[in-house]
Amino acid sequence: APVGEESVADPNRKGPAFKTEAERIAAAETKLREVVTKHSRTDAAQIANLYLAQIELSKGQSDSALKLYEEFVRKNSSSLLAGSAQMSAYQIRLAADPKAVIPDLEKASQDEKSIVPKESVLSLLAEAYEKSGDKAKSLDIYRRIATEFPQSAYASDAQQKMNRS
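Here is what the cut-offs are and how they apply
- Residues numbered from 1 in each chain as written.
- Predicted model: local features only at pLDDT ≥ 70, side-chain atom pairs only at ≥ 80, totals over all residues.
- Heavy atoms only, no water.
- Core = buried A, V, L, I, M, F, W, Y, C linked by side-chain atoms within 4.5 Å.
- Buried < 20%, exposed > 50% of the residue type's maximum accessible area, 1.4 Å probe, protein only.
- Helix = DSSP H or I, 4+ residues; strand = E, 2+ residues; numbered from the N terminus.
- Contact = heavy atoms within 4.5 Å.
- Axes fitted to C-alpha atoms, helices over the stretch in contact; angles between N-to-C directions.
- Parallel < 35°, antiparallel > 145°, perpendicular 65-115°, else oblique.
- Left-handed = near helix turned anticlockwise from the far one by under 90°.
- Nonpolar A, V, L, I, M, F, W, Y, C, P; charged D, E, K, R; others polar.
- Expected span 1.5 Å × (residues − 1).
- Polar contact = N/O pair within 3.5 Å; in protein donor to acceptor, adjacent residues only side chain to side chain.
- Arc of directions from axis to C-beta.

Here we take up the nonpolar core. Judged by nonpolar contacts, the single largest core of 23 residues is most densely connected at Tyr90, Leu105, Leu125 and Ile141. Elements supplying a minimum of two residues to this core: helix 5 (82-96), helix 6 (98-110), helix 7 (118-131), helix 8 (135-148) and helix 9 (153-164). If one sorts the elements of this core by residue count, helix 7 sits on top with 7 residues. Other than its neighbours up to four places away in sequence, tyrosine 90 contacts Val101, Asp104, Leu105, Ala108, Val116 and Leu124. Listed in part, the 15 residues of the second largest apolar core include Leu50, Ile55, Ala65 and Val73.

If you want it as structure tokens, here you go:
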């Protein structure tokens, strides 16, 4: 739905229009919560929770967003979206406490059946080590990314970080 005074005032407009982005997000949040409540056991409710997690993040509510992402992964581990939800959960945890997420990222980096691509996990792991002050370990992982995944989008970033050190 469009946002802005002109879209609200348009007499030919069909469907919702909002004066502000905050108003539009509030309306979306209401509808998404309604889907979750009325259809709790459906795929639609699970997807609505992913959108709600994004809204929670936009409001700075990382704890509630993390819970929604982790719940989605628990309930939908075979879904194509589970890897993305797990990646988001790792990113939230990394931002909150880099040292605390390292064991889980180490484990995921060794798991051949991980729902998150290995190069993505390694990139987060390198970042976690870097943010926790272990530059040597971080550089080792960046080298591994550049060597094992040279065609990956993460390889150029890893190379840049190695060159800066």
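With that settled, the discussion passes to the packing of helix 7 against helix 8. Relative to each other, helix 7 and helix 8 sit at 160°, their axes nearing to 7 Å. It follows that helix 7 is roughly antiparallel to helix 8 by the angle criterion. Crossing of helix 7 against helix 8: the hand is left-handed. Of helix 8, the residues touching helix 7 (which contributes Lys118, Glu119, Leu122, Ser123, Leu125, Ala126, Glu127, Tyr129 and Glu130) are Lys135, Lys137, Ser138, Ile141, Tyr142, Arg144 and Ile145. Residues belonging to the contact of helix 7 with helix 8 are distributed by class as follows: 7 nonpolar, 2 polar and 7 charged.

On to the environment of arginine 41. Residue position: arginine 41 is located in the loop between helix 2 (21-38) and helix 3 (43-58). Residue classification places arginine 41 among the exposed residues on the basis of a relative accessible area of 83%. Arginine 41 sits 120 residues away from lysine 161 along the chain, and the two C-alpha atoms are 44 Å apart.

Turning to the side chain of serine 120, a few remarks are in order. Topologically, serine 120 is positioned in helix 7. Sequence-distant contacts of serine 120, that is, excluding residues within four places in its chain, are made with Met87 and Tyr154.

Take helix 7 next. The first and last C-alpha atoms of helix 7 sit 20 Å apart over 14 residues, in line with the 20 Å expected at 1.5 Å per residue. The element helix 7 is largely enclosed, with a buried count of 10 among its 14 residues. Taken from the residues just after helix 7, glycine 133 is the one with a positive phi, measuring 95°.

Attention now moves to the side chain of asparagine 76. With respect to the helices, strands and loops of the structure, asparagine 76 is situated in the loop between helix 4 (62-75) and helix 5. Engagement of the side chain of asparagine 76 in a polar contact is seen with the side chain of glutamine 46, the distance being 3.1 Å. Once residues lying within four places of it in the same chain are set aside, the contact partners of asparagine 76 are Gln46 and Ala82.

Our next topic: helix 4. Between its first and last C-alpha atoms helix 4 spans 20 Å; for 14 residues at 1.5 Å apiece the expected length is 20 Å, and the two agree. Listing the buried residues of helix 4 in full gives Ala65, Leu66, Leu68, Tyr69, Phe72 and Val73. Viewed end-on, helix 4 has its buried residues packed into an arc of 165°, placing them on one side of the element. Helix 4 presents Asp63, Lys67, Arg74 and Lys75 as exposed residues on the side facing more than 90 degrees away from its buried surface. Contacts from the buried residues of helix 4 go to helix 3 and helix 5.

Function cannot be inferred from these measures alone, as they are strictly geometric.
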